Amino acid sequence: MPEGGYTPPQRLFLDDGQCRVRFFSEQDLDEVVDYDFTTFPVARPLQEAFARAFDAHVGPAGKVKASGAANNAFRQLGYFIDVLLFDEARPQVPQDLAPRHLKAFLLNRGDAPSAGMAVGLLRSLLANMEGLTPQFAAQCAQWVPDRREKIVSRGSYSRAEEKAILDAARKVVRAAAKRIRESREVLERWREGGISREDEPVLYEYGSILDMVETTGEMPRNKWGNGLAPWIVPHGIVTDLTSRLHLSLAETCALVILLVRLTGENGSTIIKAPAAFHRPDGGAGPLATVQVDLSKPRRGLRRYMTAALSDLPSWAAAPEEEGELSARDELHTPFGLYMLALELTASSRRIKGSDRLLVYWVPKAGKGRKAKRAEVVKRRNVSGRGFRDRLSDSAVGYWGAGLNLVAEEPDKDGNPQRLIVGVGRMRVTHGAREQKPVAQTRETLANIYLRRDKSSLREYQKLVADVLEKEVTKARTAGRITRLSAADVAEALRDPETVAKRFGVTTEMMRLLVARDADTVLAACADNKNGPHSPPGEPCRASFLKCLECPCARAMPHHLPLQVVARDMIDERRAHMTALRWAERFALPFEELEDLIRLAGKRAEDQARAAAGDEERELVRRLLDGELDER
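What you see is a predicted model; the values in this text were computed from it and never measured. (Residues numbered from 1 in each chain as written. Predicted model: local features only at pLDDT ≥ 70, side-chain atom pairs only at ≥ 80, totals over all residues. Heavy atoms only, no water.)

Attention now moves to the packing of aromatic side chains. What the rule picks out here adds up to eleven aromatic pairs. Note on F277 and Y338: the rings are 6.0 Å apart at their centroids and 80 degrees apart in plane angle, and the pair reads as edge-to-face. One end of the pair, F277, is in the loop between α10 (267-271) and β4 (289-295); the other, Y338, is in helix α11 (residues 334-344), with 61 residues separating them in the sequence. When its relative accessible area of 2% is taken as the criterion, Y338 is described as buried. Grouping aromatic residues by their ring pairs yields a cluster made of Y35, F37, F40, F54 and F74. The ring of F13 has R20 sitting right over it, with the charged end atom 4.4 Å from the ring centre. In this structure, R574 is placed above the aromatic ring of F590, and the distance from its NZ or CZ to the ring centre is 5.1 Å. (Phe/Tyr/Trp six-rings, centres within 6.5 Å; stacked < 30°, edge-to-face > 60°. Helix = DSSP H or I, 4+ residues; strand = E, 2+ residues; numbered from the N terminus. Buried < 20%, exposed > 50% of the residue type's maximum accessible area, 1.4 Å probe, protein only. Lys NZ or Arg CZ within 6 Å of the ring centre and 35° of its normal.)

Written out as structure tokens, the structure reads:
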């Protein structure tokens with residue numbers, strides 16, 4: 001909470017002819033941008049109304065927390081104003097805005113896949129304006145249906161494309177690690193007095209240069225200040241000498257793409273990853289792990305999360321493509337890669353005074369691209385040559401373009417096309433390969449990421465189909481579990497011995513079955529110590545879902561409500577799991593339950609569903625969530 005006497009900084013400037021909104025990024029406290037609304041060619045009342053609405057949209061109580069999103073909102077507002085300029089009755093005040101202007105804005109966006117999202121963003125911003133007519137305000141409040149459905153994802157990389165990108169990234173990072181480690185060895189020898197000024201004057205001079213580069217990142221200049229001191233020039237130029245001990249922008253991009261693939265985290269989350277970590281294993285193993293606190297702002301109140309980055313176990317095989325690499329090669333495990341990045345950026349981090357993992361050096365840099373009609377008041381990294389601890393969103397793409405990799409799929413004319421390298425596609429690739437959600441729900445992974453993955457959709461569908469066919473075949477060939485009808489149960493109450501012989505159980509067991517004392521969840525067990533899932537004579541420890549395929553199981557009429565609930569709940573879980581995970585875990589029990597319910601008949605199914613209450617649903621939920629399994 002703010003301390004006593006705190007006053008918030010001014011965000012809206014409307015005095016002395018000004019009409020500016022100052023945006024403070026919540027994701028990066030060192031970034032402040034001013035947006036000038038006097039540059040919009042509309043009447044002053046509209047300029048002020050737009051500015052106030054924009055301030056509400058991007059301010060502390062608004063929906064925008066990052067400068068990129070603020071720039072996009074300002075840009076869409078500019079497009080909307082361009083539409084207003086073509087109106088014969090050009091609006092002068094907020095009351096003049098009409099629903100037709102929003103329709104014209106949508107038409108002006110053409111067939112762009114993001115048109116629906118642009119309209120939704122604009123409506124959300126304009127809804128903050130004061131003085132709108134009820135008709136226009138109602139239009140702004142409307143939901144934009146299916147606004148993401150037209151966005152076509154590039155999808156995940158094919159296995160060959162993924163390998164080409166990762167191989168290139170590993171090559172870059174390995175070369176950087178080799179260079180920096182060798183330079184540090186020379187520097188350590190120099191600092192320990194192992195290099196003599198008299199015997200090795202050139203190497204001694206070089207060691208002193210490395211000492212300055214490692215300590216301050218700077219080197220002496222000549223008397224005119226436009227170049228290096230004369231005694232340094234024979235050893236190399238500024239870029240070459242500084243990069244001996246510090247990562248470059250390209251090498252940092254390679255680290256980012258590798259970390260995204262190994263962890264499945266967002267690129268922005270990796271770029272802002274901290275250097276602070278915790279070793280839950282105390283550095284003693286057996287599986288080396290670091291816990292790192294990460295942030296994903298789009299998750300809102302759940303933005304902060306702790307990621308565990310682990311090494312490979314000692315028995316893991318070396319990657320086939322790397323030949324003689326150790327099984328614990330640092331570039332193939334999240335733990336190894338994180339620790340390597342920590343090592344290579346240690347000096348850069350100290351000089352920069354940063355707490356982030358990824359810090360690099362650039363030989364020169366301008367002020368960056370300004371947003372239209374916007375001025376950067378404060379930014380995290382100063383302009384010019386020096387150290388940086390934040391990559392731009394497009395940096396990895398520019399680095400990937402320089403690799404000149406070719407995509408597997410040709411363009412629409414059948415010609416080879418360049419492989420687009422990006423952290424977004426690499427994260428989708430991680431999800432497609434691992435089939436596990438990272439910083440997202442299973443539903444989001446299945447319905448947002450994998451469903452739009454055009455690259456591997458056919459391969460994925462074939463894999464799911466194969467698994468489903470295998471499980472369905474298994475269900476049909478395994479045979480149905482023995483089923484007692486209502487008539488069988490009634491007869492067992494009168495003559496348990498006869499019914500017991502018919503169903504292959506003892507008289508005592510038949511009494512237990514009828515009394516419901518042998519129930520599991522979806523059936524009853526006639527022989528707990530001689531089942532197929534445990535050694536003979538030992539109690540069965542298999543999941544109760546396995547009862548549906550067990551010869552010891554007996555299905556009875558009172559099990560039908562639970563069976564119907566289980567079938568329905570398993571079917572509902574299709575929407576919350578990836579198709580492959582659902583097929584692997586639930587396809588077999590689903591088919592077995594379908595078979596049992598089909599035999600009972602539609603009328604019995606409806607009655608069983610109506611008879612099932614909260615107690616039955618909670619029991620089935622616990623079963624499907626694994627809470628009833630032995631651990």
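What follows deals with the sheet that holds strand β2 (residues 20-24). A sheet is described by the order of its strands in space; here four strands give the open sequence β1-β2-β3-β7, paired in antiparallel fashion. The open sheet has two free edges, formed respectively by β1 (12-13) and β7 (374-378), since each of these has just one partner strand. With five bridges joining them, β2 and strand β3 (residues 32-36) adopt antiparallel strand pairing. The partner of R22 across the bridge, within β3, is D34. Strands β2 and β3 of the sheet are contacted by helix α2 (residues 67-85), whose axis makes an angle of about 5 degrees with β3. (Pairing = 2+ DSSP bridges. Contact = heavy atoms within 4.5 Å. Axes fitted to C-alpha atoms, helices over the stretch in contact; angles between N-to-C directions.)

The next point concerns helix α6 (residues 159-191). With 33 residues, α6 should cover 48 Å at 1.5 Å per step; its first-to-last C-alpha distance of 47 Å lies within 8% of that length. Looking one or two places after α6, you find G193, whose phi comes out positive at around 80 degrees. (Expected span 1.5 Å × (residues − 1).)

Turning next to the sheet that holds strand β9 (residues 482-483). Pairing is mixed in the open sheet, where three strands are placed in the order β9-β11-β10. What marks the edges here is a single partner per strand, and that holds for β9 and β10 (524-525).

If you trace the backbone, Y360 turns up in strand β6 (residues 360-362). On the basis of relative accessibility, which here comes to 5%, the residue Y360 falls in the buried class. Sequence separation between Y360 and D389 is 29 residues; the distance between their C-alpha atoms is 6.5 Å. Not counting chain neighbours up to four residues away, the residues in contact with Y360 comprise L247, S248, L249, T252, G386, F387, R388, R390 and L391. A distance of 3.0 Å separates a polar atom in the side chain of Y360 from the backbone oxygen of R390. (Polar contact = N/O pair within 3.5 Å; in protein donor to acceptor, adjacent residues only side chain to side chain.)

As a further point, take the side chain of Q76. With respect to the helices, strands and loops of the structure, Q76 is situated in helix α2. For Q76, a relative accessible area of 6% puts it in the buried group. Contact partners of Q76, with chain neighbours within four places excluded, come to F105, R109, A118, L121 and L122.

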